[in-house]
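# Residue-level structure breakdown
Okay, here's what each chain looks like letter by letter:
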Amino acid sequence: MKLFKDIWSFLQTLTFVDLIFFFAIVILMVLVVTLIYFIKINKEEPKKNDEELEETSEMKIIKEISKGIEEEQSPTINFTDYEKDQENKAIISYDELLKKTNNYKLNYEKEEMLDDLSVKKVNLDNLVSVKEEKIPKIEVRVISYQEEEAFLKALKQLQKNLG
């Protein structure tokens, strides 16, 4: 009991600031001891390799993402002929459809540019007009019957010389 009386008398001699300082030191000492204890516990555990650890769901997700990134860097998509044909024939917008058909043209009343967007007001009274196709003139050269006969004879002679 004398020990507790001595501690109590020691604490009564201290001022308020001294008490705060004393308890702060005691708390710091406890924290340092627990820190040393945790460091010692962590050093005692044998370190396991990454392969020996159980694979968690997060680790699986990370592996899948890294595989996806590696595959993305080297293009591995091989289109079949059918897929290539469908990709080439794909129509993405209405304007593309009109260009592919080449027969009709939309009639617009006015066109405005708002930022990066083209806004066109369609004439609903006269919606579509038929485009006049301009057929290019093709020159056809016809050889005469005599020239064709001469060409055929020359071919036969060449075949005879080769064979």
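This report concerns the structure included in the present document.

### Observations concerning the side chain of Asn107
Here Asn107 shows up in the loop between β1 (104–106) and β2 (108–114). We classify Asn107 as buried; its relative accessible area is 14%. Not counting the four nearest positions on each side in its chain, Asn107 is found in contact with Val122, Asn123, Asn126, Leu127, Val128 and Ser129.

### Let's talk about the packing of aromatic side chains
Tallied over the full model, the rule gives three aromatic pairs. Taking 5.9 Å as the distance between ring centres and 75° as the angle between the ring planes, the aromatic pair formed by Phe10 and Phe22 counts as edge-to-face. Of this pair, Phe10 sits in helix α1 (residues 2–13) while Phe22 sits in helix α2 (residues 16–44), placing them 12 residues apart in sequence. Classification of Phe10 by relative accessible area gives partly exposed; the value is 40%. For the ring pair Phe22 and Phe23, a centre distance of 5.5 Å and an interplane angle of 70° mean the geometry is edge-to-face.

### A few points about a nonpolar patch on the surface
Side chains of Phe10, Phe22, Phe23, Val26 and Val30 sit close together on the surface and give an oily, nonpolar patch of about 420 Å² of accessible area. Considering each element in turn, the nonpolar patch owes the most residues, four residues, to α2. When its relative accessible area of 34% is taken as the criterion, Val26 is described as partly exposed.

### Considerations on the pairing of β2
Of the strand pairs in this sheet, β2 and strand β3 (residues 117–122) are connected by six bridges, and their pairing is antiparallel. What sits directly across from Met113, in β3, is Ser118. Hairpin connection, β2 to β3: the antiparallel pair is bridged by two residues, and Asp115 has positive phi, about 55°.

Conventions adopted
- Residues numbered from 1 in each chain as written.
- Predicted model: local features only at pLDDT ≥ 70, side-chain atom pairs only at ≥ 80, totals over all residues.
- Heavy atoms only, no water.
- Helix = DSSP H or I, 4+ residues; strand = E, 2+ residues; numbered from the N terminus.
- Buried < 20%, exposed > 50% of the residue type's maximum accessible area, 1.4 Å probe, protein only.
- Contact = heavy atoms within 4.5 Å.
- Phe/Tyr/Trp six-rings, centres within 6.5 Å; stacked < 30°, edge-to-face > 60°.
- Patch = residues over 30% accessible without salt bridge, like charges linked within 9 Å, V, L, I, M, F, W, Y side chains within 5 Å.
- Areas by Shrake-Rupley, 256 points an atom, 1.4 Å probe, with all protein chains shown as cover.
- Salt bridge = Lys/Arg side-chain N within 4 Å of Asp/Glu carboxyl O.
- Pairing = 2+ DSSP bridges.

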